[in-house]
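Residue-level listing of the chains:
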Number of protein chains: 2
Amino acid sequence: MTYQAPVEDIRFVFKELADLDGILSLPAHSGLDEETVDAVLNENARFVQEVVAPLNRTGDLQPAKWEDGEVRVSPGFREAFLEFAQGGWQGLQHDPEWGGQGLPRLLSAATSETLNSANLSFALCPLLTDGVIEALSIAGSPEQRERFLPALLEGRWTGTMNLTEPQAGSDLAQIATRALPQEDGTYRLHGQKIFITYGEHDMAENIVHLVLARTPDAPKGVKGISLFIVPKFLVNEDGSLGARNDVWCASIEHKLGIHGSPTTVLFYGSGKGDVGEGAVGYLVGEENRGLEYMFIMMNAARYAVGVQGVAVSERALQQAVAYAAERVQGQALEGSAGPVTIDRHPDVQRMLLTMRAITEGIRATALCAAGVADRAHAAADEHERARSKALYDYLVPIVKGFSTEASIEVTSLGVQVHGGMGFIEETGAAQYYRDARILPIYEGTTAIQANDFVGRKILRDGGTVALGVVEQMRATVKGLEDAAAAGGDDAAALTLIATRLQSAAAAYEAALRHVLENARQDIRGVYMGSVPLLMLAGTVHAGWQLARAAQACHRHQQAGTATPFHQRKLATAVFYAAHVLCRAQGLSDAVQAGGLAADYANRAI
Amino acid sequence: MTYQAPVEDIRFVFKELADLDGILSLPAHSGLDEETVDAVLNENARFVQEVVAPLNRTGDLQPAKWEDGEVRVSPGFREAFLEFAQGGWQGLQHDPEWGGQGLPRLLSAATSETLNSANLSFALCPLLTDGVIEALSIAGSPEQRERFLPALLEGRWTGTMNLTEPQAGSDLAQIATRALPQEDGTYRLHGQKIFITYGEHDMAENIVHLVLARTPDAPKGVKGISLFIVPKFLVNEDGSLGARNDVWCASIEHKLGIHGSPTTVLFYGSGKGDVGEGAVGYLVGEENRGLEYMFIMMNAARYAVGVQGVAVSERALQQAVAYAAERVQGQALEGSAGPVTIDRHPDVQRMLLTMRAITEGIRATALCAAGVADRAHAAADEHERARSKALYDYLVPIVKGFSTEASIEVTSLGVQVHGGMGFIEETGAAQYYRDARILPIYEGTTAIQANDFVGRKILRDGGTVALGVVEQMRATVKGLEDAAAAGGDDAAALTLIATRLQSAAAAYEAALRHVLENARQDIRGVYMGSVPLLMLAGTVHAGWQLARAAQACHRHQQAGTATPFHQRKLATAVFYAAHVLCRAQGLSDAVQAGGLAADYANRAI
């Protein structure tokens, strides 16, 4: 099953929705032009299609293998990772100071999507390395950056995030790994970490673990957690590798999906290495501020996992579209001379369009968020940077929470389009359904995203950012109404989109106001509605971006510059409004059921 | 992980919602009393809990194995099936004339649910045998019944349905298996069937295949299909087994789930048996009426697969509830001295209650439908039988389509409740997520159910049955309003249920009227809304039954006969109204988007 990077749609979103022109005009990107952006997209497409995508099934069928503490990755992964490193893909978005290319997030988000579509398991390793680079870039000391960043950016080394312990999953306050200060300023770590993605493998020379642990006098809870760099091999002054550190992979997990990605149990301090007992670690920043630094990494990873949701949806969509265009079964509804391909049947069209509409909606939302991140990072005006930062922070849980939950629906529909064949593993559709299931769990479950959304992104600023977005949605509604009023073939379609976006935005606003008004006296009711609110936000944001896309397509039609792509895009936007956006009211109703639902639920458990 | 048959809820549904008293007063069940019903439920619970449930993981980890045309089932399945047979469970609902116990469908639906909860893969074999028994009871000749039914009812033999061929899945018109008439009145079958559940195994002495095939002069399409009995071993006059017939298992599938159930490819007529070339088959009924007879079996199987949706949901729910009650993580929202079990967190409660509310809603709908089937079968009054038959026919696609789609949501939530542990196969939650995925596909995909629903159950009678049910829903709303008006602790809760059921029933009615009014001029638009309509019907029916349950609980509270069960049940009903029933409007909006969505979708493919 081949995968084609959706370059045309990515370009459309860049230009029409995510303000590529504006981002290219930022001083930080003055050396970049649209041709270069296209060249990167094209080369990325070639690389992921030819090198990475063919390994997707391999990873599923021949998972990484643990033997005696070492992990051998799936066949072909090592070679592909070498190509990835040599192509400079790991450094794409990172600071040229450390060897990166400093390209906009907008672009790296797109290349991250295609890499993940090609092979979710493979792409996880660079995804986590990105997080480590980001955290060290911001919180590492000059020596630490110099020692670790260049090799990470080159893809010679990879990175991991070590948070979870058996008793400390969503609740990091329970972290028990100890870090004992040594006279030379280093620390020795003792403890066990679980669910560590690519915690051990043979794709790179070294692995840089970022580990949360407690120093002896640390306060209890999350305020007593520090962050440490623990390299698998110590790094000499000259950058060469030294002693094998005391961190060991005890086992890897047997998982529902992403078989190609080794999920490891790591033991720190079992005394087996070259350094005596205790893994040598280097404190990042100050003691007890570990969670704050880790959040830098987590925010990067959360956004990136949201993009994984887009990625696996796109892959499932492409396979379903291809199957439905080939599989012959049944007569056309209007009658036909013989059996037709199943993509002529209304319900198969409904499934394919639902998949496409959701996928394109979450892609547009994610890429627009990346554009906002670029402005937060590099806008000339300080206020615009601050405004963009607030908007991006608001968007991250939406991108993470909604894209990943939506990917379960999309991959499930992908199985359904295949009928009985979808349930047969050889077909491949089932893999996406299995792989996608981790996405709403890792890097903070959907509930964690929703708590963050309600607590930090809605309540903290009194809903300012969220309600501001609702106003922008209303402006889009107005624009669509004006376009529809001018008549034309698509007037009814534009009216439908406008009407449904209007209702959905109103439903979202009502839910936001319910949360703002009730948080104080009905905290349990508000938090019982937090996931529905987040799903509502995602549903409406995706619908809004598709509505904007419809506007853009209509403009092209008016200007005579429309292509078949624009026609298809408009149809996808119509379908989202018709079949998906209308879920908004029900989600809003769930939020507004509030305390009554919560009281009874609490009694019923 | 243990499974407990939900006997208390089943009894509640029997008594309060499905009119057990009325069914026990039918002449056909005059020998039956409530104590016997309870005894059957209890003995069934013991059997499935002790014997069948422990084999669920075994089946997943050690699937059936194909070797040289023979299939060895998972360890323990054989012995468990022997106990099943000896316990008389296969004959529970069937005619005493053939050795059955003639118990009401209401009861056998409940015991089928628990058997499937215990082990979906194991239960599939009896499920299909039930269908064969049903088809032969109605369409078989007296000789055929005498020869095949007793051994099937005893569980000495099992049965299969042979419809699908590589080119003929949902479209049975494409069936190509040939049946050549012989001089002795038998036929010889040649062809290939795929996806045949338990098409070969070693749990029983013989396998009775019901096979769709074409005779030489048969008309094209579905009007030229005949139904044949093809036993694995021919059966002698005295009932002993004779020659090995020419039907062979070529392979079994590697599937996403239900690993314990062998899904076989069967070759008819490869000339390897004791009978020469061509499998010996016996025509059931008349030539070219095969599809009609198979529909008897399919309707039984469709209902039963709907019950599988209830079953796997219940199993996933029980595991999630148990995990959430043990797993300690995080502080209580209102503050707590230390970490609490996760079932204290609002979002975990939301997930558990969503799982429970959907599970209990689809159970109530399915069991009420079984009660309707009993009246269709055995009511004294001819008109009541006809009315009940029409109502049952209307309910079958709802039970099949909605319960199975809902089970995907419930089992997915089951994984989510477990967090990262849910993605680890050892936990077991992932198995339900994998197993459930086949349910909306086999025995007619959700689209096929939806086509049946719109075409045969809504349009054919001009919506009479469906709109009649809407009126009954309104009566329930009125009852709840009256109860709420009388005041009391639960008045607000009853009002919420009434309000939401009122809106949902209105949304359902609006969608029905849209379909009735537009089917002629906008067939594509109507069929593009067929699955949303079916999901809407299921959502509203489940909500209606839970609303009736809330009424019953309230009555018990007023009467002083309420138990903790009733309190929990009321809370579940409240939660369904608050968080699930409110999806109705969005589904109705999707249906009503109709032709506009369909036009654009058709262009976009």
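None of these values were measured; they are calculated from a predicted model.

*Asks:* Sorry if this is basic, but what is going on with the overall build of chain A here?
*Replies:* When you go through chain A residue by residue, the secondary structure sums to 19 helices and 12 strands. In terms of overall dimensions, chain A is globule-like: its C-alpha atoms have a radius of gyration of 24 Å, near the 25 Å expected for 605 residues. The buried share among the 605 residues of chain A stands at 65%. Taking the intrachain contacts of chain A between residues at least 6 apart in sequence as the baseline, contacts between residues at least 24 apart amount to 75%.

*Asks:* What is the right way to read the UniProt feature "domain: Acyl-CoA oxidase/dehydrogenase middle" (unreviewed entry) in chain A from this model?
*Replies:* The feature "domain: Acyl-CoA oxidase/dehydrogenase middle" (unreviewed entry), as given by UniProt, occupies residues 161–264 of chain A in the numbering adopted here. The span residues 161–264 of chain A is 0% helix and 44% strand, and its two end C-alpha atoms sit 11 Å from each other.

*Asks:* Any chance you could explain the UniProt feature "domain: Acyl-CoA dehydrogenase/oxidase N-terminal" (unreviewed entry) in chain A here in plain terms?
*Replies:* What UniProt calls "domain: Acyl-CoA dehydrogenase/oxidase N-terminal" (unreviewed entry) maps, in this numbering, to residues 39–155 of chain A. The annotated region residues 39–155 of chain A carries 66% helix and 5% strand content, and the separation between its end C-alpha atoms amounts to 21 Å.

*Asks:* Explanation requested: the packing of aromatic side chains in the structure shown.
*Replies:* How two aromatic rings sit relative to each other is set out by the distance from centre to centre and by the angle between their planes. Evaluation of the coordinates by the stated rule reveals 25 aromatic pairs over all chains. Between phenylalanine 81 of chain A and phenylalanine 84 of chain A, the aromatic rings sit 5.7 Å apart at their centres with planes inclined by 25°, giving stacked as the arrangement. Within this pair, phenylalanine 81 of chain A and its partner phenylalanine 84 of chain A are both found in helix α5 (residues 77–86), separated by three residues, close to a single helical turn. Each of the two residues, phenylalanine 81 of chain A as well as phenylalanine 84 of chain A, counts as buried. Summarising the aromatic geometry, the rings of tyrosine 303 of chain B and tyrosine 392 of chain B are spaced 6.0 Å apart at their centres and angled 45° between planes, so their arrangement reads as tilted. One end of the pair, tyrosine 303 of chain B, is in helix α9 (residues 290–326); the other, tyrosine 392 of chain B, is in helix α11 (residues 382–417), with 89 residues separating them in the sequence. Under the relative-accessibility criterion, tyrosine 392 of chain B is labelled buried at 16%.

*Asks:* I tried to follow the relation of the copies chain A and chain B on my own but got confused; where do I start?
*Replies:* Each of the two copies of the chain can be brought onto the other by a rotation about an axis and a shift along it. Least-squares fitting of chain A to chain B yields an RMSD of 0.0 Å, with the transformation described by 0.0 Å of translation along the axis and a rotation of 180°. With respect to symmetry, the two chain copies, as superposed, fit the operation of a two-fold axis. Most of the interface of chain A is mirrored in chain B, where 99% of its interface residues are also at the interface.

*Asks:* Looking at this structure, how should I read the interface of chain A and chain B?
*Replies:* Of the residues lining the interface, 88 residues belong to chain A; the matching set on chain B comes to 87 residues. For the pair chain A and chain B, the summed buried area comes to about 7600 Å², and 63% of that belongs to carbon and sulfur atoms. Connecting chain A to chain B are two salt bridges. Of the charged contacts, one joins glutamate 334 of chain B and arginine 524 of chain A as a salt bridge, the two residues approaching to 2.6 Å between their closest N and O atoms.

*Asks:* What is the right way to read the packing of helix α10 (residues 346–378) of chain A against helix α11 (residues 382–417) of chain A from this model?
*Replies:* The description of two packed helices rests on the angle between their axes and on the distance between the axes. Residue and element names in this part refer to chain A. Contact geometry of α10 with α11 gives a least axis separation of 8 Å together with a crossing angle of 160°. The angle between the axes of α10 and α11 places the two elements in the roughly antiparallel class. Read as a crossing pair, α10 and α11 show a hand that is left-handed. Of the residues in the contact of α10 with α11, the class split is 21 nonpolar, eight polar and five charged.

*Asks:* Any chance you could explain the environment of aspartate 95 of chain A here in plain terms?
*Replies:* All names here are of chain A. With respect to the element layout, aspartate 95 can be found in the loop between α5 and α6 (105–118). Along the backbone, aspartate 95 and glutamate 134 are 39 residues apart, and their C-alpha atoms lie at a distance of 9.5 Å. Sequence-distant contacts of aspartate 95, that is, excluding residues within four places in its chain, are made with Gly100 and Leu153.

*Asks:* Just checking my understanding: could you explain the pairing of strand β4 (residues 178–181) of chain A for this structure?
*Replies:* Within a regular strand, the side chains alternate between the two sheet faces. Bridge count for β4 of chain A against strand β5 (residues 187–197) of chain A is four bridges, and the pairing is antiparallel. Bridge pairing in β5 of chain A places alanine 179 of chain A opposite leucine 189 of chain A.

*Asks:* Can you help me understand the pattern of salt bridges in this one?
*Replies:* Opposite charge on two side chains lets them pair, provided their charged atoms get close. In this structure the tally under the stated criterion is 74 salt bridges over all chains. When salt bridges with common partners are traced through the structure, they connect Asp9, Glu113, Glu314, Glu360, Arg363, Arg568 and Lys569 of chain A into a single cluster.

*Asks:* What is the right way to read the environment of threonine 2 of chain B from this model?
*Replies:* Residue and element names in this part refer to chain B. Relative to the assigned elements, threonine 2 resides in the segment before α1 (7–17). Judged by its relative accessible area of 66%, threonine 2 falls in the exposed class. Taking the C-alpha atoms as reference, threonine 2 lies 7.5 Å from alanine 53; in sequence the two are 51 residues apart.

*Asks:* Explain the state of the cysteines here, please?
*Replies:* Throughout this description, disulfide means a covalent bond between two cysteine sulfur atoms. Tallying each qualifying case throughout the model produces zero disulfides over all chains. Cysteine 582 of chain B supplies the cysteine sulfur nearest to cysteine 582 of chain A, a cysteine that is in no disulfide, at a spacing of 13 Å. Note on cysteine 582 of chain A: relative accessible area 6%, which makes it buried.

*Asks:* Teacher, can you tell me more about the side chain of threonine 58 of chain B here?
*Replies:* Structurally, threonine 58 of chain B can be placed in helix α4 (residues 56–61). Those residues within four positions of threonine 58 of chain B in sequence are excluded, and the remaining contacts are Ser74 and Pro75 of chain B.

*Asks:* Looking at this structure, how should I read the nonpolar core?
*Replies:* Side chains of a nonpolar character, in soluble globular proteins, are inclined to be buried together. Membership of the largest hydrophobic core comes to 406 residues, with the highest contact counts inside it found for Tyr508 of chain A together with Tyr508 of chain B. In this structure tyrosine 508 of chain A touches Tyr394, Phe453, Ala466, Val470, Leu533, Leu536, Ala537, Val540 and His541 of chain A, once residues within four positions along its chain are discounted.

Basis of the calculations
Residues numbered from 1 in each chain as written. Chains lettered and ligands numbered in written order. Predicted model: local features only at pLDDT ≥ 70, side-chain atom pairs only at ≥ 80, totals over all residues. Heavy atoms only, no water. Helix = DSSP H or I, 4+ residues; strand = E, 2+ residues; numbered from the N terminus. Rg over C-alpha atoms; globule rule 2.2 N^0.38 Å. Buried < 20%, exposed > 50% of the residue type's maximum accessible area, 1.4 Å probe, protein only. Contact = heavy atoms within 4.5 Å. UniProt positions renumbered as here; feature names shortened; annotations may be inferred. Phe/Tyr/Trp six-rings, centres within 6.5 Å; stacked < 30°, edge-to-face > 60°. Least-squares fit on C-alpha atoms with pLDDT ≥ 70 in both. Buried area = accessible area lost by both parts, 1.4 Å probe. Salt bridge = Lys/Arg side-chain N within 4 Å of Asp/Glu carboxyl O. Axes fitted to C-alpha atoms, helices over the stretch in contact; angles between N-to-C directions. Parallel < 35°, antiparallel > 145°, perpendicular 65-115°, else oblique. Left-handed = near helix turned anticlockwise from the far one by under 90°. Nonpolar A, V, L, I, M, F, W, Y, C, P; charged D, E, K, R; others polar. Pairing = 2+ DSSP bridges. Disulfide = S-S within 2.5 Å. Core = buried A, V, L, I, M, F, W, Y, C linked by side-chain atoms within 4.5 Å.

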